[in-house]
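Notes for the structure review
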Amino acid sequence: MRKDIQDIIDNYIKSFNIYISNNEGNYDSNALENIVDKLIEELKSVLNENHVIRNFQYRDQIIELNVVYHLLDELGIRVSNEMFKDANIGKNKADVKTRLFMMFVKTIGEIVYLLEGGYASCAMSRIRYVYEIGVLLEFINKNNNEFAKRFFYISEKSRIDMAKELGDLELVKSIKNEKKGVISADKYIKNYSWAKSITKKEKSTFKELAYLSEYKDKYAIYIESCWYVHGDIYGSLVSLDRYKDEPINTWNTEPSKYGTEKVIKYTFSMLYNITKDYFENIVPSLSLLNMMCISRIVKEIYK
């Protein structure tokens, strides 16, 4: 992260925490909202400076999403540091939650970058990743350290399989030596059997897992985003970024403003739950700051 942006966020976190500490729960919500407003406006000002966004019509909304990206980047690492100190959480659970949230934040950054250039269809494909992280993070958060350990070892087993495909035998050996439990995780690797304590079935699908989560009502978003991942002609037939009334047989390879609004809407529709599951019961002040910032930005975008 840029040093100037990091310093801005750090200063406002300090102000936010000092106010809460000094008022011991009897604080004025307007005073906290004032801190949040100033934080967001200062970040927007810095991010606007000399920043080229081809997708000019949606410049303000993209800047707002970029503010979210930088806030989550800084708040996320602080929460991660606290999780690793908490013996009640456990190292494996802290590790998995951190890695999932880190990839979520990075994906928000990717979505911002693609929307800036006018590539909403590519950004839509990353919504699939956001959805999957949301479902996984929810169940990791609700379960214990052993559950997280099993999930972590399964992920390492997948890394072993990929290393084998690439012929990287040194990496295979390294992972096996470091993670002795990887081999024993074989029986959990297929058909989501690692989640049988949740699904109550030996063999499950991601859809079944998703329908047991808080994201069940958004499964259609997941399905839609999947269509923009596969190598077929769907993206051409139902092009998200095709201009209004543009004939379907038009040669279309140019960036476009169309589709931007839908991608931003889908991103924000999952933002609250994902951050809630990550921040929950770790650092209450940072969780409150995060939720107030998201609420403020959502109101700004959809005012």
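A brief structural summary. Source: prediction; values computed, not measured.

Relative to the helices and strands, E33 resides in helix 2 (residues 29-48). By relative accessible area, which is 38% here, E33 ends up partly exposed.

Attention now goes to the pattern of salt bridges. Counted according to the given criterion, the structure contains 21 salt bridges. A single network of salt bridges, built from pairs that share partners, joins D37, E41, K44, E64, R296 and E300.

Tracing the sequence through the fold places T199 in helix 8 (residues 196-199). Residues contacting T199, with those up to four places away along its chain left out, are S204, L209 and L212.

In terms of nonpolar packing, the biggest core is built from 87 residues, with L39, F101, F104, L115, Y131 and V263 touching the most fellow members. When near neighbours in sequence (up to four residues on either side) are disregarded, V263 contacts I111, L115, A120, A123, M124, I127 and L240.

Turning our attention to helix 12 (residues 260-279). Over its 20 residues, helix 12 extends 28 Å from the first C-alpha to the last, a length consistent with the 28 Å expected when each residue adds 1.5 Å. The largest bend in helix 12 amounts to roughly 35° and is located at L271. Following helix 12 by one or two positions, N281 adopts a phi angle in the positive range, close to 60°.

Conventions we followed
Residues numbered from 1 in each chain as written. Predicted model: local features only at pLDDT ≥ 70, side-chain atom pairs only at ≥ 80, totals over all residues. Heavy atoms only, no water. Helix = DSSP H or I, 4+ residues; strand = E, 2+ residues; numbered from the N terminus. Buried < 20%, exposed > 50% of the residue type's maximum accessible area, 1.4 Å probe, protein only. Salt bridge = Lys/Arg side-chain N within 4 Å of Asp/Glu carboxyl O. Contact = heavy atoms within 4.5 Å. Core = buried A, V, L, I, M, F, W, Y, C linked by side-chain atoms within 4.5 Å. Expected span 1.5 Å × (residues − 1). Bend = angle between axes of the 7 residues up to and from the residue.

Remember that the coordinates give geometry; whether it matters functionally is a separate question.
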